[in-house]
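Inside the fold
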Amino acid sequence: MRTIFTDRDGKPIYVLGLQAHNSSNGCWEMIDSAIDAVKQYHGNTLEVPVYWYQLEPEEGVYDLSQVEELILRVRASGLKLIILWFGSSKNSDMTYVPEWVKADPDRFWMAVAPDGEVTPQISPFCTACYEADKAAFVEMMKAIRRIDEQERTVIAVQVENEIGLYPLDRCYSETANRVFADGVPDALMNLVIPDSGAKDAGRDWYDHFGRHAHEVFTCWQFAQVIESIASAGKQIYDLPMYMNAVVGELRQELAGQSYSSGSPVGRVIDVYKIGAPSISICAPDIYIPNKAGYLRVCASHTRADNPLFIPETGTADDSFAVNILHAAGDFGAIGICGFGAEHTLKTDGTLTDASQPVADSMQILSLMTPALLRYGGTEKIFAVSQEEYQDLTHVLRKNWHITFYYTSRGKKGSPLGRNMRVARRLAENPELFNQRGRAIVYEASDDEFFIAGVGFTARFLRRADPHDPHPYTTYVSRASTELAALTIEEGHFDENLNWVCEFQRRGDEIDCGAFVYPGIILRVKLNPKPLNGYRH
């Protein structure tokens, strides 16, 4: 796995965590709640905004005390921190700019609609605002370096938040119109945007980008703005930087209507790769609950030059519990954070019932982190999940049929109480196995599998050799199943992917198959020798 997240020693970090609410920073009670929530989600990282209006309450007068306190508080908790810069843009709006910016609209002017009306967002052509934004960002980076360079609590910085224009496809100010009339810049002349209907010739924006001309134009302008800010910050302290995106795979997929125009959505990532090279990742905020829609966004943001990082997603219910496992298992996500840490807790400080499925999935990812860091994005890692009305999932590997029988739909695995470790968990939570089935699987070899998940029992059946004259004998023999495994064990990995066995299963504990429950990894080491008994 190629990741941008590392600790102070350069070791990779698999980011799992939550994001604090938009305005929590500075209210330390809320930050402490967010920290507690991350730990109950089995995470290692907290994402927290830093606000331009608080950092620079008067022009040229900087207050870094909140940044300092935030870093020290998160460091003391043992978590890592990703700082989100809420500067000129927050969800394509200007709610976090300082009062002195809002009070001077002639100098810090907003985007203009086709009818001449202004919109409540800073125009990407307002150089004065983004230069001021950059100056404040630089001061923040100085503070982070001064406080944290040795400890490396802060592992990355998000530049702005969900940048773009909405509901607007581009700025129609006189300045913007002049730049648009100048045509496509040299840097974009070789770029082709799918489904544009364009001739892909000449410098005219419409000729070159067709129906997506306004979107590409807006992205290009924002890319230059972002590059100016990010590159200035990296000159002070070279931390990884990324942008988050309002996803484009929504409704009719129209920029400025379905989503913010200028957002680094899937089809325009190349514009940002060209225009903002200081940005390592264009990262989607995915709140689509349905699996097909969620994974479509994952696919559009997973590239060799853009590993998948999900800085915001849902924190509750089984839809997101399933989707984040597929993001990690099938798309090699290098990190996943849910939004709204504080609201995942009840008044007594424990997780809400709705939050538990996602917390369980985060624990699955945490347990599998050593394997994900080494093999994420390869065929050695895959995810499995239960669809509506689905009793089982069949997965075909080189030597084995693996069938995942979902415990919410049948009796397979019902004698789970025979395993005393499981019995204790069931006494605490009788509904432990009645979750939507899901798992991450690490295939260490053709005959050895490590499984972390919930809500299923896995059964193994050896595949017949292509030249076996009696395949039926293989398929009906109990010796061709997990009952003849060399070992089935519960345990965990150390940070170097070495296996640590905690409990060995034999006898009754394997009669009902390889059942899995939260909090463990199950190692299934099968016999690599084919069944030959009938030949003797």
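The text that follows walks through the structure, step by step, so that each part is easy to find. (Residues numbered from 1 in each chain as written. Predicted model: local features only at pLDDT ≥ 70, side-chain atom pairs only at ≥ 80, totals over all residues. Heavy atoms only, no water.)

What about the pairing of strand β5 (residues 118-122)?
In this structure, strand β4 (residues 110-112) lies alongside β5, joined through two bridges in antiparallel fashion. In the sheet register, Val112 faces β5, and the bridge partner there is Val118. Linking β4 to β5, which pair antiparallel, is a turn of five residues; within it Gly116 sits at a positive phi near 90°. (Pairing = 2+ DSSP bridges. Helix = DSSP H or I, 4+ residues; strand = E, 2+ residues; numbered from the N terminus.)

Describing the packing of helix α1 (residues 28-40) against helix α3 (residues 65-77)
Packing of α1 against α3 leaves a shortest axis separation of 11 Å and a crossing angle of 30°. Remark: the crossing between α1 and α3 carries right-handed chirality. Of the residues in α3, those in contact with Trp28, Ile31, Asp32, Ile35 and Lys39 of α1 are Gln66, Glu69, Leu70, Arg73, Val74 and Ser77. For the contact of α1 with α3, the per-class residue count stands at five nonpolar, two polar and four charged. (Axes fitted to C-alpha atoms, helices over the stretch in contact; angles between N-to-C directions. Left-handed = near helix turned anticlockwise from the far one by under 90°. Contact = heavy atoms within 4.5 Å. Nonpolar A, V, L, I, M, F, W, Y, C, P; charged D, E, K, R; others polar.)

Some remarks on the pattern of salt bridges
According to the stated counting rule, one finds 27 salt bridges in the structure shown. Ionic pairing is found between Glu69 and Arg73, a salt bridge with its closest N-O pair at 2.9 Å. Of this pair, Glu69 and Arg73 both sit in helix α3, four residues apart, which is roughly one turn of that helix. Under the relative-accessibility criterion, Glu69 is labelled partly exposed at 28%. Within the structure, one salt-bridge network assembled from shared partners comprises Lys291, Asp318, Glu387 and Arg436. (Salt bridge = Lys/Arg side-chain N within 4 Å of Asp/Glu carboxyl O. Buried < 20%, exposed > 50% of the residue type's maximum accessible area, 1.4 Å probe, protein only.)

Overview of helix α12 (residues 356-367)
Here α12 spans 16 Å end to end across 12 residues, near enough to the 16 Å set by a 1.5 Å rise per residue. Most of α12 sits inside the fold, with 10 of its 12 residues counted as buried. When α12 is considered as a whole, its buried residues turn out to be Pro357, Val358, Ala359, Asp360, Ser361, Met362, Gln363, Ile364, Leu365 and Leu367. (Expected span 1.5 Å × (residues − 1).)

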